[in-house]
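Here is what each chain is made of, one letter per residue.
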Amino acid sequence: PGTGTALDPFPTIQQGVAAAASGDTVQVAAGTYSGSVSIALDRVAIVGAGVGLSILDAAGADAGFSAVAAPPAPRLEDLGIRAFTVRNAARWQVI
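An account of the accompanying structure is given in this report. (Residues numbered from 1 in each chain as written. Predicted model: local features only at pLDDT ≥ 70, side-chain atom pairs only at ≥ 80, totals over all residues. Heavy atoms only, no water.)

### Some thoughts on the overall build of the protein
Applied cut-off: In DSSP terms, a helix is any run of H or I states spanning at least four residues, a strand is any run of E spanning at least two, and both are numbered starting from the N terminus. Each radius of gyration is computed over the set of C-alpha atoms, and the globule rule expresses the reference value as 2.2 Å times the number of residues to the power 0.38. Relative accessibility under 20% of the residue-type maximum defines a buried residue, over 50% an exposed one, and the middle range a partly exposed one, all with a 1.4 Å probe and only protein chains included. In what follows, residue pairs with any heavy atoms lying within 4.5 Å of each other are defined as contacts.
Counting secondary structure elements, the protein contains one helix and nine strands. Reading the secondary structure of the protein in the N-to-C direction produces α-β-β-β-β-β-β-β-β-β. Expected size for 95 residues packed as a compact globule is a radius of gyration near 12 Å; at 13 Å, the protein falls within 12% of this value. C-alpha atoms of the protein, sized along the principal axes, occupy 35 × 30 × 20 Å. Within the protein, the proportion of its 95 residues that are buried is 29%. Contacts in the protein between residues far apart in sequence, at least 24 positions, make up 56% of those at least 6 positions apart.

### Considering the packing of aromatic side chains
Which entries qualify depends on this criterion: Between 30 and 60 degrees the pair is tilted, below 30 it is stacked and above 60 it is edge-to-face, where a pair is any two Phe, Tyr or Trp rings, Trp via its six-membered ring, whose centres lie within 6.5 Å.
Considering all chains together, one arrives at one aromatic pair under this definition. Geometrically, the ring pair formed by Phe 65 and Phe 84 is edge-to-face, given 5.1 Å between the ring centres and 70 degrees between the ring planes. Taken together, the residues Phe 65 in strand β6 (residues 63-67) and Phe 84 in the loop between β7 (80-82) and β8 (85-87) connect sequence positions 19 residues apart. Grouping residues by exposure puts Phe 65 and Phe 84 together as buried.

### Quick word on the layout of surface pockets
Stated formally: Residues are said to line a cavity or pocket when one of their atoms sits within 4 Å of a point; the points come from a 1 Å grid over protein atoms alone, cavities being sets where a 1.4 Å probe fits but cannot get out and pockets being open sets with protein on both sides within 12 Å along at least five of seven lines. Grid points are joined across faces, edges and corners, and a volume is the space filled by probe spheres set on the points. Three classes are used, and their members are as follows: Ala, Val, Leu, Ile, Met, Phe, Trp, Tyr, Cys and Pro are nonpolar, Asp, Glu, Lys and Arg are charged, and the others, Gly among them, are polar.
Its volume calculated, the largest pocket comes out at about 380 Å³. As for the largest pocket, its lining consists of 17 residues, and the residues nearest its centre are Gly 4, Pro 9, Phe 10, Val 26 and Gln 27. Counting only elements with at least two residues in the lining of the largest pocket, the list comes to α1 (13-19) and β1 (25-27). Looking at the lining of the largest pocket residue by residue, the class counts come to 10 nonpolar, six polar and one charged.

### Some thoughts on the nonpolar core
Short version of the rule: Nonpolar core, defined: a set of buried Ala, Val, Leu, Ile, Met, Phe, Trp, Tyr and Cys residues in which side-chain atoms within 4.5 Å join the residues together.
Ile 13, Val 28, Val 37, Ile 39, Ile 46, Leu 56 and Phe 65 are the most contacted members of the largest nonpolar core, which has 15 residues in total. Of all the secondary structure elements, the ones that give two or more residues to this core are α1 and β3 (37-39). Not counting residues up to four positions away in its chain, the partners in contact with Phe 65 are Ile 13, Val 37, Ile 39, Ile 46, Leu 56, Ile 81, Phe 84, Val 86, Gln 93, Val 94 and Ile 95.

### Comments concerning the sheet that holds β1
Paired through their backbone hydrogen bonds, the strands of a sheet run either parallel or antiparallel. The condition is simple: Strands qualify as paired when DSSP identifies two bridges or more between them. For helices, the fitted line uses only the C-alpha atoms of the stretch in contact; every axis is such a line through C-alpha atoms, and the angle between N-to-C directions lies from 0 to 180 degrees.
Ordered in space as β1-β4-β7, the three strands form an open sheet in which the pairing is parallel. At either margin of the open sheet sits one strand with a lone partner, and together these are β1 and β7. For this sheet, the mean inter-axis angle between neighbouring strands, taken without regard to orientation, is 10 degrees. Of the strand pairs in this sheet, strand β4 (residues 45-47) and β7 are connected by three bridges, and their pairing is parallel. Paired with Val 47 across the strands is Arg 82, a residue of β7.

Structure (structure tokens):
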């Protein structure tokens, strides 16, 4: 299933995000990834290989990427998502 290294990457973006710690950068290789990604961690960057290269197909989910602060935190801070194409989200690309 992948260990999260460059030679043995996680098969999904969500697995990479789940393994991340505050201050980490999740590098996403070029390709098409299915599903949505939920982020509940401050100070994380999720960086694709480039617009049109790293594609998140939300497959009808409300959003491709969703940021959800865990109580009691009112919001997430310093979250970066760049170099992606999000498609087939029902409402939003990023929420």
